Number of protein chains: 2
Amino acid sequence: MRLAWVFGFALMVGAAGADTVSTFKLDNGMDVVVIEDHRAPVVVHMVWYRIGSADESPGHSGIAHFLEHLMFQGTKEVAPGDLSKIVSAQGGSDNAFTSLDYTAYFQRVASDRLDLMMKLEADRMRNLNLTEEDVTTERQVILEERNERTDSDPGALLGEQMAAAQYMNHPYGTPVIGWRHEMEALSRQDALDFYQANYAPNNAILVVAGDVTPEEVLAMAKVHYGPVPPSDLIKPRIRPTEPPQLAERRMVLADERVAQPYVIRTYLAPERNPGDQRQAAALKLLAELLGGNPTTSVLARALQFDTQKAVYTAAFYDGLSLDADTFGVIVVPVPGQGLQETEEAMDAVLTKFLADGVNAEDFARIKAQVRASEIYGRDNVQGLARTYGAALSIGLSVQDVQDWADILQDVTEDEVMAAARMVLDRKQAVTGWLTKEEAAQ
Amino acid sequence: MRLAWVFGFALMVGAAGADTVSTFKLDNGMDVVVIEDHRAPVVVHMVWYRIGSADESPGHSGIAHFLEHLMFQGTKEVAPGDLSKIVSAQGGSDNAFTSLDYTAYFQRVASDRLDLMMKLEADRMRNLNLTEEDVTTERQVILEERNERTDSDPGALLGEQMAAAQYMNHPYGTPVIGWRHEMEALSRQDALDFYQANYAPNNAILVVAGDVTPEEVLAMAKVHYGPVPPSDLIKPRIRPTEPPQLAERRMVLADERVAQPYVIRTYLAPERNPGDQRQAAALKLLAELLGGNPTTSVLARALQFDTQKAVYTAAFYDGLSLDADTFGVIVVPVPGQGLQETEEAMDAVLTKFLADGVNAEDFARIKAQVRASEIYGRDNVQGLARTYGAALSIGLSVQDVQDWADILQDVTEDEVMAAARMVLDRKQAVTGWLTKEEAAQ
């Protein structure tokens, strides 16, 4: 099973220092990032393509993710399905994932198997073989994936409908997995067109993390990826942007399968940009303050403890996207409490927060938590590889990634409040209610 | 000033019979429709292109309409702006309009000037000249048009925001005039690309109505349009379609310029289809029943007279679109009445209508009104030309147009109620409130 748009790194506690990161560019335009970590004789090998579902052409939603699946179908050299078996036979594991902005393939193996991984990955970068039968079979797999992850989950369905209402013009309104009726029509030719237009070394980033030296990686990359010709089909990623959003959109999704009703709101929010991450850092801290901690956040204290109106609250912001992201809040009410009352309580907390400002003690604690989390994250080689790969795929630099932790520490209370006033704008928001009852006609 | 997406025929009362319509196809693929009417020595000459704003590529909204303006900029033969002057010097008038689905150019002249009109129109079909200066100047004109028609009109802005929320995937969510920030970036090359990709005889319909014979028109069309080569760039109009709409979207647009608040709701609704117009006819009758007449419709009687909660009510449905249209209702409350109470009153009327069914007397009266309106419409040569042109541009046939009046008469009360139950589905609806007050945070 491939992963689509799944984040959340497994955290490992341990000693951590500054990342040792080297970068190169091959003659064919391929970027190379090497993260050294010699504590264990393993290596994570990743190839990231600067292509995601938001780069699909209209009417072909899901093709980026579908192609990700089909990339395991083999080449002239490797029989269908054999790549994962080869990795597995070497004691390794492999997987891939697709997001709105990028598609990545990775293997985790003993470091002396890196050469083989590069050989295999470079091979499928340009030599993918697809039969109609492969495509037909795999189309069933992605449709089943949609069934499991989205169609059988009213909360996921609400998320899709909300994203479609959040983005009036930008393709982030289309789900990564695709709209079912369009997925059903995706063809072998669609996949090959997408592959030929987007898969090439000058649209890719090689990330290798673990028990390797930059020199070894570069030499090996030149051997395996160096001969792959660059493509002149790669287009700049200029996507439609949003017009002014003038009116909050609201929706109620009523589904008999809903076990736990909730109120969720997303606000259009700026993303992290190269050399310009302070506002995003302020938003990240704002999310942590409002709803980052299940017991001490502003929403949790007010709604789960003081007034006992909620059983769960959260706020979320990521900012790791090429274009405008969303800032979200969610409140799950105590049993029996209506969603109107729940939303009013949520808004009362936000209004009070905007009036009161940041509590200095909270702010210090949040910064310490964020620092700890950044340090823990750095100790996970695979997580680090993923952080750099994702960041570089959306145009951030290694320097931006390395600056991020310091910027988070450097952001002031005033900047957080300015970010809060900017982002908590109902005109740019979508508010969703998930409920078991049918909404009143 | 060019017209964008403006309907409403000037009605002339008079004797009317069946339309005398002839159709041909030139060797280069151009369709020809001739509507004979010899009562006055005038002729309406129209060229319709099967290309509208919903065929624009993402990020280039407004290019169809912009090109319509630029089509008056001249050719090798005709200096910029001269076309309208020539028509005017011949005692005629000309104009053009762009919709979601088509773009049309027309002149109304004395019938002995038809030859000249064809010469001019055929010339600009392939020989458009555009300078950077023309483009820069005309871009200011369309931006000013957007200012006047949309940005200065809160009701129009609400309509745009609602359409964007109504269509989750289909391009009807993008306004014909374009999003301002994209209009500002439209270039000469964008216009030329759109022109070259879409303007050709095999993507066009010639409609001539008035004091002409089919033989004359065909002979003249062969001379002027016949030599224009067909294009192999014309693509089938396959647009993204909607995924299931699972949750009503609601929005409040608050603007200090609002003089008259109202509640408006649009429901996704099927369009008229070739050989399959009964459901659309039922929806048309439903709109007439609910809100077609300012004094006798169901909404008017209930809200303007019985309960006196509204000063204006209407329902609207057109169905003359290539893809799914909307069915709309609007209620303007009496001064001082809130929009919540207004919407509840509107919904009570709809609920009662669904329970009670069609009043037989109302139904007979509506059918008589519709018949009269169709007959009056037929007496207006320009309106007829427009009806055939629009219908053929979205794939309907002359037969479909001619069958429409009979189908409207033939639809039963049961069909209207079935259409009402199908279309009045809040999950597929967007409800908008236009208000002067700022919405409560």
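Scroll up to find the structure.
Parameters and conventions
Residues numbered from 1 in each chain as written. Chains lettered and ligands numbered in written order. Predicted model: local features only at pLDDT ≥ 70, side-chain atom pairs only at ≥ 80, totals over all residues. Helix = DSSP H or I, 4+ residues; strand = E, 2+ residues; numbered from the N terminus. Rg over C-alpha atoms; globule rule 2.2 N^0.38 Å. Buried ≥ 20, exposed ≤ 12 C-beta atoms within 10 Å, placed from the backbone. Contact = placed C-beta atoms within 7 Å. Least-squares fit on C-alpha atoms with pLDDT ≥ 70 in both. Pairing = 2+ DSSP bridges. Axes fitted to C-alpha atoms, helices over the stretch in contact; angles between N-to-C directions. Nonpolar A, V, L, I, M, F, W, Y, C, P; charged D, E, K, R; others polar. Core = buried A, V, L, I, M, F, W, Y, C linked by C-beta atoms within 7 Å. Parallel < 35°, antiparallel > 145°, perpendicular 65-115°, else oblique.

Q: Run through the overall build of chain A, naming residues and quoting values.
A: Across its full length, chain A carries 15 helices and 12 strands. Taken against the 2.2 N^0.38 rule, which gives 22 Å for 441 residues, the C-alpha radius of gyration of chain A at 23 Å falls within 12% of a compact globule. The dimensions of chain A, computed from C-alpha atoms along their principal axes, are 65 × 50 × 40 Å. Burial statistics for chain A: of 441 residues in total, 51% are counted as buried. Taking the intrachain contacts of chain A between residues at least 6 apart in sequence as the baseline, contacts between residues at least 24 apart amount to 81%.

Q: Lay out the relation of the copies chain B and chain A in plain terms, naming residues and giving numbers.
A: After a rotation of 180° and a shift along the axis of 0.0 Å, chain B superposes on chain A with an RMSD of 0.0 Å. What the rotation and shift describe, once combined, is the action of a two-fold rotation axis. A share of 100% of interface residues in chain B that are also interface residues in chain A marks the association as one of identical surfaces.

Q: Run through the sheet that holds strand β8 (residues 249-254) of chain A, naming residues and quoting values.
A: Pairing between sheet strands relies on hydrogen bonds along the backbone, with the strands arranged either parallel or antiparallel. What the 10 strands build is an open sheet, ordered β10(A)-β11(A)-β9(A)-β12(A)-β8(A)-β8(B)-β12(B)-β9(B)-β11(B)-β10(B); its pairing is mixed. The two strands at the open ends of the sheet, each matched to only one other strand, are β10 (310-316) of chain A together with β10 (310-316) of chain B. In this sheet, adjacent strand axes meet at a mean angle of 15° when their direction is disregarded. One ladder, built from six bridges, connects β10 of chain A with strand β11 (residues 325-333) of chain A; its direction is antiparallel.

Q: Which residues make up the environment of Gly 395 of chain A, and what values do they have?
A: All names here are of chain A. Assignment of secondary structure puts Gly 395 in the loop between α13 (381-393) and α14 (398-410). Classification of Gly 395 as partly exposed rests on a count of 15 C-beta atoms within 10 Å. Sequence spacing of Gly 395 and Ser 61 is 334 residues, and the spatial spacing of their C-alpha atoms is 23 Å. For Gly 395, the contacting residues outside a window of four places in its chain are Pro 274 and Leu 322.

Q: Tell me what's going on with the environment of Asn 359 of chain A, and back it up with residues and numbers.
A: Within the element layout of this structure, Asn 359 of chain A appears in the loop between α11 (339-356) and α12 (360-378). Taking C-alpha positions, Asn 359 of chain A is 24 Å from Gly 319 of chain A, a pair spaced 40 residues apart along the chain.

Q: Now, about the interface of chain B and chain A: what can you tell me, with residues and values included?
A: Across the contact, 32 residues belong to chain B and 32 residues belong to chain A. For the side of chain B that touches chain A, the secondary structure elements donating two or more residues are α5 (154-166), α6 (180-183), β8 (249-254) and α11 (339-356) of chain B. Taken together, the residues of the side of chain B that touches chain A break down into 16 nonpolar, nine polar and seven charged. Inspection of the sheet shows β8 of chain A paired to β8 of chain B by three bridges, in the antiparallel sense. Following the sheet pairing, Arg 250 of chain A is matched in β8 of chain B by Arg 250 of chain B.

Q: An account of the nonpolar core is requested, with residue identities and associated values reported.
A: By size, the foremost hydrophobic cluster in this structure holds 275 residues, and its most contacted members are Leu 206 of chain A together with Leu 206 of chain B. The contacts of Leu 206 of chain A, once residues within four sequence positions are left out, are Met 30, Asp 31, Val 32, Val 33, Val 47, Ala 221 and Tyr 225 of chain A.

Q: Residues and numbers for unusual backbone geometry, please.
A: Residue and element names in this part refer to chain A. One non-glycine residue with positive phi stands out, namely Gln 308, at about 50°. Tracing the backbone shows Gln 308 in the loop between α10 (298-306) and β10. You can call Gln 308 exposed: it has 10 C-beta atoms within 10 Å.

Q: Break down the packing of helix α9 (residues 278-291) of chain B against helix α10 (residues 298-306) of chain B for me, citing the residues and quoting the values.
A: All names here are of chain B. With their axes 3 Å apart at the nearest point, α9 and α10 run at an angle of 20° to one another. In terms of axis orientation, α9 runs roughly parallel to α10. Contact residues: α9 offers Leu 289, Leu 290 and Gly 291, while α10 offers Val 298, Leu 299 and Ala 300.

Q: Pulling in residues and values, what's your account of the packing of helix α4 (residues 132-151) of chain A against helix α5 (residues 154-166) of chain A?
A: Residues and elements named next belong to chain A. In the contact formed by α4 and α5, the axes pass within 7 Å of each other and the chain directions differ by 90°. Classified by the interaxial angle, the pair formed by α4 and α5 is roughly perpendicular. Only Ala 156, Leu 157 and Glu 160 of α5 make contact with α4, whose side of the interface consists of Arg 149, Thr 150 and Asp 151. A breakdown of the residues in the contact of α4 with α5 according to their chemical character gives two nonpolar, one polar and three charged.

Bear in mind that shape data such as this cannot, by itself, settle questions of function.
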